[in-house]
Amino acid sequence: MDLYDKREDMALQDGDYCLAPRASRGGCEVDLQWADGLVEGAGRKRCALEDFEDEVQEMDEVDGGGKRSKPPSPQPHTPDIREAHAPSRRRRTVVAGGGEHSGGGGDLIGEIGRDLSINCLLRLSRSEYGSVASLNHDFRSLVRGGEIYRLRRQNNIAEHWVYFSCNVLEWDAYDPYRKRWISVPKMPPDECFMCSDKESLAVGTELLVFGMAHIVFRYSVLTNSWTRGEVMNSPRCLFGSASVGEKAYVAGGTDSFGRILSSAELYNSETHTWTPLPSMNKARKNCSGFFMDGKFYVIGGVTNNNMILTCGEVYDTQSKTWSVIENMSGGLNGVSGAPPLVAVVKNQLYAADYSEKDVKKYDKQNNRWITLGKLPERSVSMNGWGLAFRACGERLIVIGGPRTPVGGMIELTSWIPDDKPPVWNLMDRRPSGNFVYNCAVMGC
C-alpha cells in the first residue's frame, strides 16, 4: 500500500507542533497538518518534518536516477530517550469544529479517537515516527512498543530500507524513498566479529548479525541500539535464510567444527525465540534462501567433499515438510564463488550471474533460468563476493561499485522488473574503501 501522494500541510500550535485533524464534509476523511520549521520547546529543538516520497510497497513483496543524497543523519524514526522523559508544555490541538484539546490525554488526536488516529499514522512514513513519538505518551507507546509496526504489517504497509556493512562493526542504512543515508550506531566490540565473517538477516524491526561463535547481536529500529541477541539452537554460518513479516527461516550452513548441516530453524522477532524445524533432505553450506509463494526455498551450496549441489529444496510451512527440486540452481554457483545471488519480487525469482554479469529470471513451470539482460556496468565482485543483489519492495537493487588502488565507490542501482532487458537507475553513491561485506533489506 502506498502512502498518500501529497505533501502534508504544516501547522504550529501554541509553540509546539502537533497533529491537527480536520474532518471533511462527509465526516469520513481526515487531513493531517504538520508543523513546519524548527520549533524549540521543553528545552530542546525539534526538527521540522521533511517532505517524504510516498513509495511504500506491499508487505508480502520482499525486496531512479538518484540525486545526490544528504550527509548521514541520525535515525529519524527513533525517538530520543531523553525526550521521552523530559517535561513538556501543555499542547493544544485544533480539532474538528474549531475547538481545542490538550495533548497527552487518552485520545491520540483530539476528538477523532484512537482508531482514526492510528489509521492516519499507519500511512505516515516511518521516517517521521521519531518526531511523532515526541508529541505525547500515547504516540511514544505506539512507536517504542512496536505496536505501530505490527499494525502496519497487519495492513500490508511497509517501507524497505537497505542496511549494509563495508567495515568491521560498522553499518549504514539507506532510505530509497527520501534518497538519504542514515547512520546506524556502531556494533559493540567483540573478537568474534573482528576475526571472522559475519552473517546477517533483517526480520520485523530487527537486524540480526551472527558471528561464528555463539554470539548474536541484534539492532532494533525501536530503540536505535544494539543488544545481545538470542543464539540459535544449532549455531551456524554460511546458511540460507529468508524473512517474512516478524518471522525468519534459516537452514543449512556449517557449525563451529566445520560440519555441514541439514537442520533448519524458525526465529520469531516478537518473542525473540528460535524453534527447530524439520531438517532438509540434504546437508549444505554456502547456500541461499528466499521466500516465494508462501514457502521457504533453499538453493545452491556445497555438501561434503565440496560437491556442488544444483538441486533446491522447498519447505511447506503448512505441512512442515521439505521437497527436493532437481537442478534448480544449475549454473548459479561454484565451489569458490559466493552463494547464489537471488531475490524475489512479486513472487518472481531473479538471480545475478556474477560470472557473466547476467540477470536471470526463474521459469517456475519449466524449472529453468531465462537471461533477461546485464547487471549494472560498474558492479564489481570477486566471484560474487562483495556484491549485493536484493529485492527492495518492487525493485531489484544491486550494491557494489568500482575499485581503484586508492579506494573505491559504493553505488546503489535499481530496476523495477518488467521482463524487458534491465535498465538500471543509479539511486546513490558514496566513497568506500571496502567491498560490501553484509547486506539486508528491512521492510516495516
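Everything discussed here concerns the structure shown above.
Keep in mind it's a predicted model, so treat the numbers as computed, not measured.

A. Representation of the overall build of the protein within the structure. A tally of helices and strands in the protein yields six helices and 35 strands. Of the roughly 19300 Å² that the protein leaves accessible, carbon and sulfur atoms contribute 48%.

B. Quick look at the sheet that holds strand S24 (residues 312–316). As summarised here, the arrangement of the four strands in space is S22-S23-S24-S25, forming an open sheet in which the pairing is antiparallel. The two strands at the open ends of the sheet, each matched to only one other strand, are strand S22 (288–292) and strand S25 (321–325). Looking at each pair of strands side by side, their axes are set apart by 25° on average, direction ignored.

C. Geometry of helix H5 (residues 147–154). Among the residues of H5, Ile148, Tyr149, Leu151, Arg152 and Arg153 are the ones counted as buried. Looking at the buried residues of H5, the elements they touch are helix H2 (113–122), helix H3 (129–133) and helix H4 (137–144). Positive phi shows up at Asn156, right after H5, with a value of about 55°.

D. Seen up close, H4. Those residues of H4 that sit buried are Asp138, Phe139, Arg140, Leu142 and Val143. The opening residue of H4, the one whose side-chain oxygen lies 3.1 Å from the backbone nitrogen of Asp138, is Asn136. Positive backbone phi, approximately 85°, marks Gly146, located one or two places after H4.

E. Main features of the state of the cysteines. Summed over the entire model, instances satisfying the criterion amount to zero disulfides. Note on Cys439: no disulfide assigned, nearest cysteine sulfur contributed by Cys166 at a separation of 9.0 Å. On the basis of relative accessible area, Cys439 is assigned to the buried category, the value being 5%.

F. Just the environment of Phe210, in detail. Structurally, Phe210 is set in strand S15 (residues 206–210). Judged by its relative accessible area of 3%, Phe210 falls in the buried class. On a C-alpha basis, the gap between Phe210 and Arg236 in space is 8.3 Å, while along the polypeptide they are 26 residues apart.

G. Highlighting the nonpolar core. With 37 residues, the main nonpolar core has Ile148, Tyr163, Trp171, Leu207 and Trp226 as its most contacted residues. Non-local contacts of Ile148, meaning those with residues more than four positions away in its chain, are made with Ile118, Leu121, Leu122, Tyr129, Leu142 and Val143.

H. Summary view of the side chain of Asp428. Its place among the elements puts Asp428 in strand S34 (residues 425–432). Of the polar contacts made by the side chain of Asp428, one reaches the side chain of Tyr174; its length is 3.1 Å.

I. Focus on the pattern of salt bridges. Considering all chains together, one arrives at 19 salt bridges under this definition. Here Asp358 makes a salt bridge to Lys374, at a shortest N to O gap of 2.8 Å. Remark: Lys374 occurs in strand S29 (residues 368–374) and Asp358 occurs in strand S28 (residues 358–363); sequence separation between them is 16 residues. You can call Lys374 partly exposed: its relative accessible area is 48%. Here Glu411 and Arg429 are joined by a salt bridge, their closest N and O atoms 3.4 Å apart. Taken as a pair, Glu411 in strand S33 (residues 407–415) and Arg429 in strand S34 lie far apart in primary sequence, 18 residues in all. Through salt bridges that share partners, Arg150, Arg153, Glu246 and Glu270 make up one connected network.

J. Inspection of the packing of aromatic side chains at higher detail. Overall, the coordinates contain 17 aromatic pairs when judged by the stated rule. Here Phe210 and Phe239 contribute two aromatic rings whose centre-to-centre distance is 5.5 Å and whose plane-to-plane angle is 85°, an arrangement assigned as edge-to-face. Linking Phe210 in strand S15 with Phe239 in the loop between strand S17 (225–228) and strand S18 (240–244), this pair joins segments that are 29 residues apart in sequence. Given a relative accessible area of 5%, Phe239 falls into the buried group.

Each value, and the rule that gives it
- Residues numbered from 1 in each chain as written.
- Predicted model: local features only at pLDDT ≥ 70, side-chain atom pairs only at ≥ 80, totals over all residues.
- Heavy atoms only, no water.
- Helix = DSSP H or I, 4+ residues; strand = E, 2+ residues; numbered from the N terminus.
- Areas by Shrake-Rupley, 256 points an atom, 1.4 Å probe, with all protein chains shown as cover.
- Pairing = 2+ DSSP bridges.
- Axes fitted to C-alpha atoms, helices over the stretch in contact; angles between N-to-C directions.
- Buried < 20%, exposed > 50% of the residue type's maximum accessible area, 1.4 Å probe, protein only.
- Contact = heavy atoms within 4.5 Å.
- Polar contact = N/O pair within 3.5 Å; in protein donor to acceptor, adjacent residues only side chain to side chain.
- Disulfide = S-S within 2.5 Å.
- Core = buried A, V, L, I, M, F, W, Y, C linked by side-chain atoms within 4.5 Å.
- Salt bridge = Lys/Arg side-chain N within 4 Å of Asp/Glu carboxyl O.
- Phe/Tyr/Trp six-rings, centres within 6.5 Å; stacked < 30°, edge-to-face > 60°.

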